[in-house]
Amino acid sequence: MLVSRVFQLRLFVYRSPIGAQIAARRAVWSESFFRISEQQISAMETGNESQAEPQLTCRSNCSDDQLQNVNLLEAASDPLQNRETSLGILNGETVINEGTAQIIFPDANEVFYNPVQEFNRDLTCAVVTEFARQRLLAKGIRALVPGEHERQKMVVSLAEGEPAEQEEAPVIQRTTSAGEKCEDGIRILEGLAASGLRSIRFAKEVPGIHSIVANDFSSKAVQLMKRNIELNGVEHMVTASLSDASMLLYESKRKRDRFDVIDLDPYGSPSQFIDAAVQAVSEGGLLCVTCTDMAVMAGNSGETCYSKYGAMSLKSKFCHEMALRIILHNLDLRANCYQRYIVPVLSVSADFYIRVFVQVFTGQAVVKASASKQALVYNCVGCGSFHIQRMGKMIHNGKNYKYTASTGPPVGEECQHCGQRHQLGGPIWAEQIHDQDFTRKVLESVEQTPQRFKTSDRILGMLSMVTEELPDCPLYHTMDHLSSVIHCSTPSLLQMRSALLHAGYRVSLSHACKNAVKTDAPHSAMWDIMRSWAKVHPVKREKLSESSPAFLILSKEPVLQACFDIREDANPKSRKQGLKRFQENPEANWGPKARAKASGGIHPCLEEKRKRLQNKRKQRNEDAEHGKQILCKKPREGKCT
C-alpha cells in the first residue's frame, strides 16, 4: 500500500513544463514529495504513526506570494483532486471540454470564448471534413472518420428498363485518419484563433490535414494557445502564430504559400480581412467567414453596412437572408478584383450571427458574369413587397456570351398593391447560396456519426431545411407580416403552403426564419391568397384608414381564388420528422459576449447595465408619481395638472 502511494507521488513530477514559474514550483513540490515519503516510511518503521501524515508548507510563486498549506499525500491519493495540478492549471483558470478537445481557459476576460457558438464550431468541423475528403479522394487518399460506413458511389438512372450505372471511382492508394499528419493533406489557417480551440478540434477530429496555423494578435492568447496545443498533444500539426491576420494573409498570397482552408471568425465584422483572404486561399480552397455584427447587416445602420460591405441593408422581415447575400456579394466583389470568383457551398443564419462557406476559383471568363449575379432590392415600406433587379445581363450568342447592363426598374414610383414608396437596398448576391449536393454529403456524414458532435441534432435539422429550400428564389415572406399588413388572423404554414401548391407554385420553408415561406409566386398571387383568407376570416374594415395599405389591398377583388385544403405534400420531411430546426435559448443572458481585453474581466457597472436593460421596451414604470416629479419644459401660471 505504501509503495503504491509513493508511486502516485512520483506521477506528480512535472515532466513537460509550460512556463518557467510552473516548472520551478513543480520541481520544489516533487523534491518535497520524496522527502515526505522517506519520513513516512521511517515513521511507520519506528511505530510513530503521528508523523505518517505530515503537512507540508510551501511558498507559491503567485503574485501575492502567500503561503499555501497543501496536504500532499491526500492530493496524491485522489486523482480527481489533483487533476488541475497535473494539467498545469494556474489560479483563476478552468478546463473546458468541447468535442475531443480539452483547453485551459482563464476566468478573466483576457481571451475570447463563447460557449454558445459550439454549433458553429461543430458545423465547421463537419464541413471541413467533407471538403478534405473530396480533396484527398482526387489524390487517391481516403479520409477515414471513426464510426462512418464506407460510401457506395452509385449513379442511378431513373429511366425504366435501364440498369444502374456504377461511377468509376478513383484508385485508393492509402488512407488517413483524424489525428495523424497527412503529407499530401490540406493546410488550414485560423486567422483569429483566441484560445486555439477550433484549430485543436480540427487537428483531432478532421482527417487528412497536413498542418494548421492558429494565429492571433494578442500575446496572451498565443501563450494560452501554446499551452492548449501541448495539453492536447497536437504539436506535430498545430503551430501558434503571433501576427496581424491581414498581414499574415497578404504574406501568404503566393501560390506556393496559400492555404486550402481559411477560417475567419472575428469579433464583429470580418470586412477588414476579406481582401487578403480571397488572395491567400488556394485554387478551389474553402473560405469560412462569420459575421456577428447583425445589427449593421439587418438594417439598423444601412450606411455602416455600405461602408463595410459595399451594400445597403434594409430593415425588413427577410433581413437575415439578405445579410447572407450581402456578405456573399462582398466576397465575390473583392475576389473579382484579382480575377477570382466564389461558389457558395453553405450559408447559414443561426442565433446572433451568420456563417458562410465558399470556394474560391480563378477565371477571367467567369468573372465577367459576376455583374449578372448581383441584384438590387426594391422593398415597399407599406406592404413589404420586394422586387429583385439584376445589375447585369448575360445573353447567350451561339458559343459566346454577350454581357450588357440590365434594364429597369421593375417597379413604378408607387407600389402597385398599396400605393406606398419603395426603399432601395443592395447590391446582394442573387444566385444560389448553397451547394445542395455538398450539403447532402455533409448531412449523410453527420447522420452516420451523430456522436461526433454535441449539437448533431441541430446540425441535422438545419441541414435538412437547407436541402429543402428553393435554390432559385431569393428572400422570403413571413406569415405574421402578411397578416399584420391587412389586420387579419394568421393562417398556418400548412394552409399557406397548401394554397400556393394548389395554385401551381413551388414553395419551401427557410432555415433563417421559423415562420417564413420561400416561393416563386408573384406578389400579386400572394395578396390574392391573403384576400381570399380575409373573406373567410373577415376584417373590421370600418376601423381601417382609406390611405392604409390594408384598405387599399382589401378593396380589390382577388383574381386567384385560393384553396386552403391541406395537401399531403405541404408538410416538409424535416417538419414531419420533428427535427431540431430552431433551438431554445441555451442559457440566461446568452448572445454575443463582451470583447476580450488585456486587463480581463467585465466592469461590474457594464454587467449590471446589461441586465437592467433586458426587455427595456416591454417594461413600464409602475410608479404613479414618476411623471409628476418631472418639471414642465414650458412653465405655466399656477400648478400643472
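Just so we're clear, the structure is a prediction, and the values are computed from it rather than from any experiment.

### Brief notes about the side chain of S464
Among the structural elements, S464 can be located in helix 15 (residues 456-468). Of the residues examined, S464 reaches a relative accessible area of 10% and is grouped as buried. Residues in contact with S464, not counting those within four places in the same chain, are L443, S574 and L579.

### Points about unusual backbone geometry
With an omega dihedral of 5 degrees, the bond running from G408 to P409 counts as a cis peptide bond. Here P409 lies in the loop between strand 19 (400-405) and strand 20 (422-429). The omega torsion of the bond from G426 to P427 falls at 5 degrees, within 30 degrees of zero and hence cis. Inspection of the secondary structure assignment puts P427 in strand 20. Even without being glycine, D351 reaches a positive phi, approximately 55 degrees. Its place among the elements puts D351 in the loop between strand 14 (340-350) and strand 15 (353-362). With relative accessibility at 26%, the residue D351 sits in the partly exposed group.

### Observations regarding the sheet that holds strand 21 (residues 477-478)
One open sheet accounts for 3 strands, arranged 21-23-22; its pairing is antiparallel. The open sheet has two edge strands, strand 21 and strand 22 (507-510), and neither has a second partner. Of the strand pairs in this sheet, strand 22 and strand 23 (residues 513-519) are connected by 3 bridges, and their pairing is antiparallel. Residue pairing in the sheet places V507 in a bridge with T519 of strand 23.

### What to know about the confidence of the model for the protein
Of the residues in the protein, 72% reach a pLDDT of 70 or more, and the chain-wide mean stands at 80. Here helix 3 (residues 72-77) stands out as the element of the protein with the lowest mean pLDDT, 33, in contrast to strand 12 (residues 259-264), whose mean of 97 is the highest. Across residues 1-86 the pLDDT falls below 50, and counting only partners more than four positions away or on other chains, this stretch makes 87 contacts in the model. Scored below 50 in pLDDT, residues 622-628 makes 1 contact in the model with residues more than four places away or belonging to other chains.

Calculation notes
Residues numbered from 1 in each chain as written. Predicted model: local features only at pLDDT ≥ 70, side-chain atom pairs only at ≥ 80, totals over all residues. Heavy atoms only, no water. Helix = DSSP H or I, 4+ residues; strand = E, 2+ residues; numbered from the N terminus. Buried < 20%, exposed > 50% of the residue type's maximum accessible area, 1.4 Å probe, protein only. Contact = heavy atoms within 4.5 Å. Pairing = 2+ DSSP bridges. pLDDT = per-residue confidence, 0-100.

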